[in-house]
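Summary of structural features
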There are 2 protein chains.
Amino acid sequence: MTERLQLYSYWRSSAAYRVRIGLNLKGLSYDTVPVHLVRDGGEQHQPAFRNANPQGLVPVLKHGSRTFRQSMAILEYLEDAWPSPSLLPFDARDRARVRALAQAVACEVHPLNNLRVLQHLERVLEVDAEGRDAWVRHWVDEGFRAIEAMLVDHPSTGRFCEGESPGLADCCLVPQVYNARRFKVDMAPYPTIERIEQACLALPAFDAARPENQPDAPAAGT
Amino acid sequence: MTERLQLYSYWRSSAAYRVRIGLNLKGLSYDTVPVHLVRDGGEQHQPAFRNANPQGLVPVLKHGSRTFRQSMAILEYLEDAWPSPSLLPFDARDRARVRALAQAVACEVHPLNNLRVLQHLERVLEVDAEGRDAWVRHWVDEGFRAIEAMLVDHPSTGRFCEGESPGLADCCLVPQVYNARRFKVDMAPYPTIERIEQACLALPAFDAARPENQPDAPAAGT
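Residues numbered from 1 in each chain as written. Chains lettered and ligands numbered in written order. Predicted model: local features only at pLDDT ≥ 70, side-chain atom pairs only at ≥ 80, totals over all residues. Heavy atoms only, no water.

The name recorded for chain A in an unreviewed UniProt entry is Maleylacetoacetate isomerase, from Marilutibacter penaei. For the record of chain A, the UniProt heading Sequence similarities (unreviewed entry) holds the text "Belongs to the GST superfamily. Zeta family." (UniProt positions renumbered as here; feature names shortened; annotations may be inferred.)

Encoded structure:
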């Protein structure tokens, strides 16, 4: 487990952002291999990257001779391979709650709003920029309404999604809020989500993972 | 762990189908609580169901006093609570491969093609039935191309997605193929997926989970 970790990442990809948080929470150092999702038609579609991931999606994690795809599978791999500090609670029922919150982002919100879907809406369905942004906000609102309801007043909700330690659900929620703000979603109806986001971003592991703190982020003001 | 399991399910929901397979592979008996996703505007939107799941989505699993949401989190819960027979291989790296295949369905294909998204395309974006079906096929083809590439010629691929025992990836793949056939996706480019689907459906655990074998399925010929 001592081989160097390489993360194929794009600064603004929220799936890559999840994994960056997970790596940082585990205290694992890694090299970033930037994959520019927009330039030259998208480096993720080029053969060099498709060999690493036939899905043409970031993130990809390389560890020794093995290649790992899908952010949620990668986070579970980090948990399996480096159990401490844990991203999941001890009790199986509590773990299921955390995974459900994580999947409420990863299976219900993000897949509808990622770059390839927005490009398809514009290029194939000829949806204009306004319609595209309304689409994004619709699915974020649908998802956040449910997540807020699952968090608020739940006895397991603490400073973070589950108790007093950041975990798998927080790894997913914070990047999704970043994405929501980018599309000008009104966060007022989601005070619990916003409170947890702020608690997370106060931690160095989350702060270092922010899009603007990545080596491939454009310089401020450009 | 001896309390009765209740699965809120809809016969044709592929997320519910995944969990039915998982329950059957674990040899767990359960009661089906049918939630009709179409009738009366969708029972999943009614307050009685929204209390169980604010997401308004099936499946939901009840076990004793606890409620579990999100099919992938439920399957991981089954694995945690009833470890044998396992749906995941022993080695962490192999587990990550299986989870990545599962998530390639659960995070990339299914979320774009489920009922609420198709309804949104029709009602909000005014896409006609032909455009809606083309949308479904586009995302299935995108996903299946990648999954086929991840399966074919991989040394871990066996009779099933991973080796000689059915597991988490198969629980996701088989319902997605069912959905693909419903939308008349040409399966010819995906011979490995189709071969694995057939191997799965030959097993009683998969056969019993088929949509047409559910208590809420319409009678044949109706």
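There's more to say after this.
In this section: the relation of the copies chain B and chain A. Placing chain B over chain A gives an RMSD of 0.0 Å and needs a rotation angle of 180°, together with 0.0 Å of translation along the axis. Here the two chains are linked by the operation of a two-fold rotation axis. Residue Cys107(B), judged by its C-alpha, is the member of chain B lying nearest the rotation axis, at 2.4 Å. Taken together, the interface assignments show that 100% of the residues at the interface of chain B recur at the interface of chain A, consistent with an identical surface on both copies. (Least-squares fit on C-alpha atoms with pLDDT ≥ 70 in both. Contact = heavy atoms within 4.5 Å.)

Residue and element names in this part refer to chain A. Orientation of helix α4 (residues 92-106) relative to helix α8 (residues 168-182), taken along the N-to-C sense of each, is 20°, at an axis distance of 8 Å. When the axis of α4 is compared with that of α8, the two are roughly parallel. Crossing hand, α4 versus α8: left-handed. The segment α4 lies against α8, with Val98, Arg99, Leu101, Ala102 and Val105 engaging Leu168, Ala169, Cys172, Leu173 and Gln176. Of the residues assigned to the contact of α4 with α8, the class counts are eight nonpolar, one polar and one charged. (Axes fitted to C-alpha atoms, helices over the stretch in contact; angles between N-to-C directions. Helix = DSSP H or I, 4+ residues; strand = E, 2+ residues; numbered from the N terminus. Parallel < 35°, antiparallel > 145°, perpendicular 65-115°, else oblique. Left-handed = near helix turned anticlockwise from the far one by under 90°. Nonpolar A, V, L, I, M, F, W, Y, C, P; charged D, E, K, R; others polar.)

Moving on, we get to unusual backbone geometry. Residue Pro59(B) is bonded to the preceding Val58(B) through a cis peptide linkage, with omega at 5°. Structurally, the position occupied by Pro59(B) is in the loop between α2 (47-52) and β3 (60-63). Cis peptide bonds are those with omega within 30 degrees of zero, and the linkage from Ser84(B) to Pro85(B) qualifies with -5°. The phi torsion at Gln70(A) lies on the positive side, around 75°, for a residue other than glycine.

A few words on the packing of aromatic side chains. Residues and elements named next belong to chain A. Here the structure, examined in full by the defined rule, presents 15 aromatic pairs over all chains. Both rings, one in tyrosine 17 and one in tyrosine 178, keep their centres 6.0 Å apart while their planes meet at 80°; by these two values the pair is edge-to-face. With a gap of 161 residues between them, tyrosine 17 in helix α1 (residues 14-25) and tyrosine 178 in helix α8 connect regions that are remote in the sequence. Relative to tyrosine 77, the ring of phenylalanine 68 has its centre 4.1 Å away and its plane inclined at 20°; by these criteria the two rings are stacked. The exposure classification of phenylalanine 68 matches that of tyrosine 77, with both residues buried. (Phe/Tyr/Trp six-rings, centres within 6.5 Å; stacked < 30°, edge-to-face > 60°. Buried < 20%, exposed > 50% of the residue type's maximum accessible area, 1.4 Å probe, protein only.)

What follows concerns the environment of Leu115(A). All names here are of chain A. Tracing the chain through its elements places leucine 115 in helix α6 (residues 115-123). For leucine 115, a relative accessible area of 33% gives the class partly exposed. C-alpha separation for the pair leucine 115 and valine 38, spaced 77 residues apart in sequence, amounts to 9.0 Å. Non-local contacts of leucine 115, meaning those with residues more than four positions away in its chain, are made with Leu37, Val38 and Gln44.

The next point concerns the interface of chain B and chain A. In this complex, chain B contributes 41 residues to the contact, which on the side of chain A involves 41 residues. Here chain B meets chain A over a buried area of about 3900 Å², counting both sides, of which 65% is carbon and sulfur. At the surface where chain B touches chain A, the tally comes to 12 salt bridges. Two residues, Arg116(A) and Glu142(B), come together in a salt bridge whose shortest N-O distance is 3.8 Å. (Buried area = accessible area lost by both parts, 1.4 Å probe. Salt bridge = Lys/Arg side-chain N within 4 Å of Asp/Glu carboxyl O.)

Right, let's talk about the UniProt feature "domain: GST N-terminal" (unreviewed entry) in chain A for a bit. Here, the residues flagged by UniProt with the feature "domain: GST N-terminal" (unreviewed entry) are residues 3-86 of chain A. This span, residues 3-86 of chain A, is 35% helix and 21% strand, and a straight line between its end C-alpha atoms measures 21 Å.

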